[in-house]
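Structure at a glance
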Amino acid sequence: MSYELLELPTRELLRLASERRDSISGSTITYSPKAFFPLTMLCRDRCGYCTFAKAPARISSPYMAEEEILNLAEQAERAGCTEALFTLGEGPEQRYPVARRWLESKGFESTVDYLRYAASLVISETHLLPHTNAGALSGAEMKTLRSVSVSQGMMLESTAPGLDCHKGSPDKDVSRRLETLDAAGDAKIPFTTGILVGIGEVERDRMDSILAIAASHRRFGHIQEVIVQNFLPKAGTRMSRAEPPAQEDYLRSIALARLVLPDEIVLQAPPNLTGDPMALISAGISDFGGISPVTLDHVNPERPWPNTEILAKELEVDGFQLTPRLALQPRYAKNPTEWVDATLVRKVLDHSDSSGHARENGWVSGGSAEPPMRHSAGVKIGIPGPATTRRIATLLAEIDSGQEAGPEEILALFGARGAEVDQVCELADSIRQEKSGQPVTFINNRNINYTNICTFKCRFCAFSKGPLSLNLRGEPYLLGMEEIQGRVLEAEAVGATEVCLQGGIHPSFDGEYYLSVIRAIREVSQSIHIHGFSALEVNEGARRLGTGLREYLGMLKAAGLRTLPGTAAEILDDEIRAILCPDKIDSETWLEVHETAHEVGLNSNVTIMFGSVEEPRHWVDHIVRTRELQRRTKGFTEFVPLPFVHMASPIYLTGKARRGPTWRETLLMHAVGRIAYRGLIDNIQASWVKAGPKGATQLLRAGCNDLGGTLMDENISHAAGSEHGRSAGVADLLEIANSVSRPLYQRNTLYKIVDENPAMQLPQYSDEGVEVQIRRVKG
């Protein structure tokens, strides 16, 4: 079948390839923000088309010096690069004495030995991820480089034997290069290779080369991307008078590669070697390779890189989203423990978003950096073109007309990028207006975390204290009943209507403990709403007391419990729970606790802790499962996304989690939640603790109608490293609501407005006790 493709007319070939690309990568076109490190331009080969390789007399030094490498790396990091591309001539010390003497004088045995050192410098001094392109190496050499690079590469160029351009180039021996491909696979190295079009081969030769690459990948699964590059004649080379390949031949080569290579291999073509990048996309590519804001393309120095901002706008006109990636493609970035040296896994996770692409900016949940502004606002939903792809536009239009988003549609919405995110947020906000109107609500409440001592070993939790977590923020404590009662009275004194009770699973607790806490609160307050106990606490209470779940929930309700929080949900997917909280209740138990609570008359909410180790498909499972439960019970009052705060989380500190969600992902979680729960859950909450005031402002434009609670004593996000404070007053929340020109109202736990007049001023809370001032100005 592969060779039959050669007979197809060009128009048909390009159509098939374009459809294949659409089915694989949709509207996403990736590139790697990189810096180009020409470690040495000396080379023992004499390729007839190359101007990168130079004679010793034409360069100032045989190799880049250590200081030069570090200066460039620091410059690249400041410019937002994530990749350090090391490109170099092959085996120069075997041809040039000056290269041998330089290496010996510095204490290096070979060019590969120095390359390893140079890459290690970049790793130790910057956050850049090295990719080494050192040519045809042995398996041992590549394994040496694996510890200092996240990916490696070598252009196969062509399997056609005896090409004139390769005369005098021992490293271009076809069998040697094919051995290198397989050796990389055997060493579990994400590998970049490709073909060079127009160097004397014919189309059937190109098909042979593509099939050889595919065969190596099928043996090892390691070819991350294939470059289809067009030859351009250069002055001063043996091929200076040769004709470049015809545009039709080049585009056919790209299309053949897309149709023949396995779908998981990303197809790439350099955008600076053609005048029409869209033609490359139409032929089947989904990646532009590395584009540098700081260095030349040293292999093609006469061809400048495109400006990525301009390129992104040009692609948006045709419905594509330019997306940064890492030096290793997302398929490998999502599984770094298999494909990357153990010492580099944490660096990869630090740079990655949930889909394995590069993080777009420096914002992190709980951090001080402000989120970037959305591209635009007020764009019309369902209009394709500059704002969004036809696929997303059609999907949004269908949802806007009343169609429920199914799992595939929800997953597609989570994949929105660039201007697509704006349209998803616009639809979410229109649904917010429809279901909740203009008011922004909040609750005046207090968190009471009665203990941080816990027998469970949730790997993400920085709040709980067990034998392995005493070095983290905070000392172990257990509040007495009188202290709990005092905190309730303090809360009521400043107008709080709710106390939220949560804590660790103390080894001495039994089911009676939770009942006694409720009774103690009711001794001092009959009116305050008790919102308490996660599904884990309820399940453990029932188990330790030896009662059934329904009976125990009835006992809690009779004692004075009014609602349950949705915490302990994390991600309702047991694949992920096995990583995050292996000894915690499973997904079915969480759902059972909440369904039973609803049946006995206790409302609750849905939370999701996202951005640690999971992928968007797990978010979809979580939303769909809770949506189906809500359809049955109508017992959930709100959806509360909780972006993972990484700074002091044990799973992050051990290098096994990402740095929380990106801002794009945080926006989409709230917006897609609004869309997916439409008609079932009318309240979507923005966490000011995790998103910060500026972030909460944007979330109010992305489908949110609620800012949560004043909290007074927020401990859990604070323990994880959040910098956004432990309490907020009405003045703080009012400022957020004012920034979107919407009124702020105080509500109770069940979303009934407490005061029909908008809140205007904060009751001021003092940690010193009940010395507080309450001032409310009604407007």
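One broad rule of soluble globular proteins: the nonpolar side chains tend to lie buried together. Membership of the largest hydrophobic core comes to 116 residues, with the highest contact counts inside it found for Leu556 and Leu744. No other element matches the eight residues that helix α25 (residues 663–676) contributes to this core. Other than its neighbours up to four places away in sequence, Leu556 contacts Tyr514, Leu515, Ile518, Phe533, Val538 and Leu561. Counting 96 residues, the second largest nonpolar core, distinct from the first, contains Ile69, Val226, Val228 and Leu261.

Looking now at a negative patch on the surface. Where like charges cluster on the molecular surface, the negative patch consists of Glu66, Glu67, Glu68, Glu74 and Glu125. When residues of the negative patch are assigned to their parent elements, the largest contribution, four residues, is made by helix α2 (residues 66–78). Assignment of secondary structure puts Glu125 in helix α4 (residues 111–125).

To continue, consider the pairing of strand β5 (residues 191–197). Counting buried residues in β5 gives seven out of seven residues, a clear majority hidden from the surface. On β5, burial covers both faces: Phe191, Thr193, Ile195 and Val197 on one face and Thr192, Gly194 and Leu196 on the other are all buried. Direction of pairing for strand β4 (residues 151–153) relative to β5: parallel, over a ladder of two bridges. Considered in β5, the bridge of Gln152 is made with Phe191. Handedness of the β-α-β unit built from β4, helix α6 (residues 174–186) and β5 comes out right-handed. Two strands pair when backbone bridges link them, and β5 and strand β6 (residues 223–230) are joined in this way by seven bridges, in the parallel orientation. By the bridge assignment, Thr192 is partnered in β6 with Glu225. As a crossover connection, the stretch from β5 through helix α7 (residues 203–220) into β6 is right-handed.

Attention now moves to the sheet that holds strand β10 (residues 440–443). Judged by pairing direction, the sheet is parallel, and its three strands sit side by side in the order β17-β10-β18 without closing on themselves. Only two strands of the sheet have a single neighbouring strand rather than two, namely β17 (706–709) and β18 (744–746). This sheet shows a mean twist of 20° between the axes of neighbouring strands, independent of strand direction. Summarising the sheet, β10 and β17 pair through two bridges and their orientation is parallel. The residue bridging Thr441 from the neighbouring strand is Asp706, located in β17.

Let's shift gears to the packing of aromatic side chains. Overall, the coordinates contain 21 aromatic pairs when judged by the stated rule. Both rings, one in Phe108 and one in Tyr117, keep their centres 5.3 Å apart while their planes meet at 45°; by these two values the pair is tilted. According to the relative accessible area criterion, Phe108 is buried, its value standing at 14%. Its relative accessible area of 29% is what places Tyr117 among the partly exposed residues. With 5.0 Å between their ring centres and 55° between their planes, Phe639 and Tyr677 make a pair best called tilted.

Between helix α16 (residues 419–436) and α25, the least distance of the axes is 8 Å, while the angle of their chain directions is 40°. Relative to α25, α16 is oriented oblique. Once α16 is placed against α25, the crossing between them reads as left-handed. Residue-level contacts link Val421, Val424, Cys425, Leu427, Ala428, Ile431, Arg432, Lys435 and Ser436 of α16 to Arg664, Leu667, Leu668, Ala671, Val672, Arg674 and Ile675 of α25. Partitioning the contact of α16 with α25 into residue classes produces 11 nonpolar, one polar and four charged.

The subject of this paragraph is the pattern of salt bridges. The final tally for this structure, using the stated rule, is 42 salt bridges. Residues Arg632 and Glu595 are paired through a salt bridge, measuring 3.1 Å at the closest nitrogen-oxygen approach. Here Arg632 is found in helix α23 (residues 616–633), whereas its partner Glu595 is found in helix α22 (residues 587–599), with 37 residues between them in sequence. Glu614 serves as the salt-bridge partner of Arg658, at 3.9 Å between the closest nitrogen and oxygen. Here Arg658, found in the loop between α24 (650–653) and α25, pairs with Glu614, found in the loop between β15 (603–610) and α23; they are 44 residues apart in sequence, far enough to count as distant. Residue Arg658 is classed as buried on the basis of its relative accessible area, which comes to 5%. Through salt bridges that share partners, Asp353, Glu360, Arg417, Arg664 and Glu665 make up one connected network.

Attention shifts here to the pairing of strand β12 (residues 498–501). Residue alternation in β12 divides its side chains into two sets, Glu498 and Cys500 and Val499 and Leu501, and both sets are buried. Relative to β12, strand β11 (residues 445–448) runs parallel, the two being bridged by four bridges. When the sheet's bridge partners are listed, Asn447 is paired in β12 with Cys500. A crossover links β12 with its parallel partner strand β13 (residues 529–532), the connecting element being helix α18 (residues 511–524), and its sense is right-handed.

The subject of this paragraph is unusual backbone geometry. A positive phi is found at Phe533, a non-glycine position, where the angle reads about 75°. You can see Phe533 is positioned in the loop between β13 and α19 (535–545). Judged by its relative accessible area of 1%, Phe533 falls in the buried class. Unlike most non-glycine residues, Glu570 shows phi in positive territory, near 50°. Tracing the sequence through the fold places Glu570 in the loop between β14 (563–564) and α21 (574–580).

This paragraph deals with the packing of helix α15 (residues 407–414) against α23. Axis separation between α15 and α23 bottoms out at 9 Å; the angle between their running directions is 135°. Taken as axis vectors, α15 and α23 run oblique relative to one another. Seen along the crossing, α15 lies across α23 with a hand that is right-handed. Facing Pro407, Ile410, Leu411 and Phe414 of α15, the residues of α23 in contact are Pro616, Arg617, Trp619, Val620, Ile623, Val624 and Arg627. Within the contact of α15 with α23, the residues separate by chemical class into nine nonpolar, no polar and two charged.

Each value, and the rule that gives it
Residues numbered from 1 in each chain as written. Predicted model: local features only at pLDDT ≥ 70, side-chain atom pairs only at ≥ 80, totals over all residues. Heavy atoms only, no water. Core = buried A, V, L, I, M, F, W, Y, C linked by side-chain atoms within 4.5 Å. Buried < 20%, exposed > 50% of the residue type's maximum accessible area, 1.4 Å probe, protein only. Helix = DSSP H or I, 4+ residues; strand = E, 2+ residues; numbered from the N terminus. Contact = heavy atoms within 4.5 Å. Patch = residues over 30% accessible without salt bridge, like charges linked within 9 Å, V, L, I, M, F, W, Y side chains within 5 Å. Areas by Shrake-Rupley, 256 points an atom, 1.4 Å probe, with all protein chains shown as cover. Salt bridge = Lys/Arg side-chain N within 4 Å of Asp/Glu carboxyl O. Lys, Arg positive; Asp, Glu negative; His and termini not counted. Charge placed at Lys NZ, Arg CZ, Asp CG, Glu CD. Pairing = 2+ DSSP bridges. Right-handed = clockwise from strand over helix to strand, strands pointing away. Axes fitted to C-alpha atoms, helices over the stretch in contact; angles between N-to-C directions. Phe/Tyr/Trp six-rings, centres within 6.5 Å; stacked < 30°, edge-to-face > 60°. Parallel < 35°, antiparallel > 145°, perpendicular 65-115°, else oblique. Left-handed = near helix turned anticlockwise from the far one by under 90°. Nonpolar A, V, L, I, M, F, W, Y, C, P; charged D, E, K, R; others polar.

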